[in-house]
Amino acid sequence: MEMHNFICGLPKAELHLHIEGSLEPEMMFALAQRNGVTLPYASVEAVRAAYNFSDLQSFLDLYYAGAAVLQTEQDFYDLTAAYVQRARADNVCHAELFFDPQTHTERGVPMATVFAGIARALRDAREQHGFSSRMILCFLRHLSEEEALATLEAALPLREAYADLWIGVGLDSGEVGNPPEKFSRVFAKAREFGLHAVAHAGEEGPPPYVWGALDALKAERIDHGVRSEEDPELMRRLASDNVPLTVCPLSNLKLRVVKDLREHNLARLLRAGLCVTINSDDPAYFGGYMNNNFLATAEALQLSREELVQIAGNGFVASFASDQQKQAWLSELHEYVSAH
Ligand code: ADE
Ligand code: ZN
């Protein structure tokens, strides 16, 4: 079978996806109109033309501005339903979605509205299509730990109502200058409530940020983590503890973490024995959902069929699903590989 079709058909899990980053310009315009929000762009084309980023912060400025069109439960539903449709088209059967409540609560949108809209779309997708998913609440690291604690306090009363979906906390936004240690207490509290912990680290920040995510936050997965390669001791730790990295190749390209995809270290990280996964991060902003990330990376790094199967399998292994569910997905993956 031709490699392109083989990659597209692989069953996949997506573990690093900001739901606000799946807001396509068409929907941004439609929601702006529905909610009477004025956008600083004349057209959908003008929005896309503005997506020319120099670094993480230049992206975050547009990303937070775009999220301002999200106001009602139905907006969050529509956003999430559109993502699920794109993910299913790429043969994603399980997704763990990040969401940033602080981006919305600071504009007066209630926490409960954000949860309700995302969850209703995910439950509909489960019922209608068997699409599996979870939600991971991310704290914005450019804000204070007190604000993160207040966010956790506001979300905890919703825990029971969303026990089937909300399974963890994460840490995102501008990395450099906001080390993981700043959030030690809020992560400790989240873990006390049985929530999983993940954190963005080693995207733009140096290896000590990855150490901090592991040791201060007890992160079970590292989001990005590509700069870990600069520290051999850290590489040994990630390998021996089997800590997965949720790598986002097209994001790294667009935010100029790498100049050219051919220079991306994903293959080296994989060949060093790390549990590397491929993910889309903010697909509406970075030019591609899961299949585009897999295809572009496979071509740029000349990944073998076996390596691509390994990466797809790592997505299931690194997920927060039950062991039984993971085994079922891995069997499905191996059946696909045998049949193609
Ligand atoms: N928020 C959305 N995408 C992000 C990224 N790639 N890094 C940090 N924060 C983010
Ligand atoms: Zn991210």
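From a predicted model like this one, the values you see are computed outputs, not experimental measurements.

Criteria and thresholds
Residues numbered from 1 in each chain as written. Chains lettered and ligands numbered in written order. Predicted model: local features only at pLDDT ≥ 70, side-chain atom pairs only at ≥ 80, totals over all residues. Heavy atoms only, no water. Helix = DSSP H or I, 4+ residues; strand = E, 2+ residues; numbered from the N terminus. Rg over C-alpha atoms; globule rule 2.2 N^0.38 Å. Buried < 20%, exposed > 50% of the residue type's maximum accessible area, 1.4 Å probe, protein only. Pairing = 2+ DSSP bridges. Salt bridge = Lys/Arg side-chain N within 4 Å of Asp/Glu carboxyl O. Core = buried A, V, L, I, M, F, W, Y, C linked by side-chain atoms within 4.5 Å. Contact = heavy atoms within 4.5 Å. Donors = N, O, S within 2.8 Å, 3.2 Å for Na, K, Ca; no water. Tetrahedral: all angles 85-135°; square planar, octahedral: opposite > 155°, others 65-115°.

Chemist: Hey, could you go over the overall build of the protein for me, with residue numbers and the actual values?
Modeler: Of regular secondary structure, the protein possesses 17 helices and 8 strands. At 19 Å, the protein has a C-alpha radius of gyration in line with the 20 Å of a compact globule built from 340 residues. Each principal axis of the C-alpha atoms in the protein carries an extent, and together these give about 50 × 40 × 40 Å. Taken across its 340 residues, the protein has 59% of its residues classed as buried.

Chemist: Let's hear about the pairing of strand β2 (residues 92-99): which residues, and what values?
Modeler: Within β2, 8 of the 8 residues are buried, leaving the element largely enclosed by the surrounding structure. In this structure, strand β1 (residues 12-18) lies alongside β2, joined through 5 bridges in parallel fashion. Within the sheet, the bridge partner assigned to His18 lies in β2 and is Phe98. In terms of strand pairing, β2 meets strand β3 (residues 132-140) through 6 bridges, oriented parallel. Bridge assignment links Glu96 to a residue of β3, and that residue is Arg134.

Chemist: Let's hear about the pattern of salt bridges: which residues, and what values?
Modeler: Scanning the entire structure with this criterion turns up 19 salt bridges. Across the pair Arg221 and Glu96 runs a salt bridge, and its minimum N-O distance is 2.9 Å. Here Glu96 lies in strand β2 and Arg221 lies in strand β6 (residues 221-224), a separation of 125 residues in the sequence. In this structure, a network of salt bridges that share partners links the residues Glu24, Glu26, Arg48 and Arg86.

Chemist: Describe the nonpolar core, and please don't skip the residues or the numbers.
Modeler: Counting 114 residues, the largest nonpolar core has Phe115 and Ile222 as its most contacted members. In terms of residue count, helix α7 (residues 111-129) provides more of this core than any other element does, 8 residues in total. Apart from the residues within four sequence positions on either side, Ile222 is in contact with Ala199, Ala201, Val210, Ala213, Leu214, Leu238, Val243, Pro244, Leu245 and Thr246.

Chemist: Could you give an account of the coordination of the zinc ion (ligand 2), with specific residues and numbers?
Modeler: Taken together, His16 (NE2), His18 (NE2), His200 (NE2) and Asp281 (OD) make up the protein donors of the zinc ion (ligand 2), found 2.0 to 2.2 Å from the metal. In this structure, the zinc ion (ligand 2) is surrounded by 4 donor atoms whose angles at the metal cover 83 to 174 degrees, and the resulting shape is irregular. When the donors of the zinc ion (ligand 2) are listed by position in the chain, the intervening gaps give H-x1-H-x181-H-x80-D. Highlighted residues: His18 in strand β1 and His200 in strand β5 (residues 196-201), separated in sequence by 182 residues.

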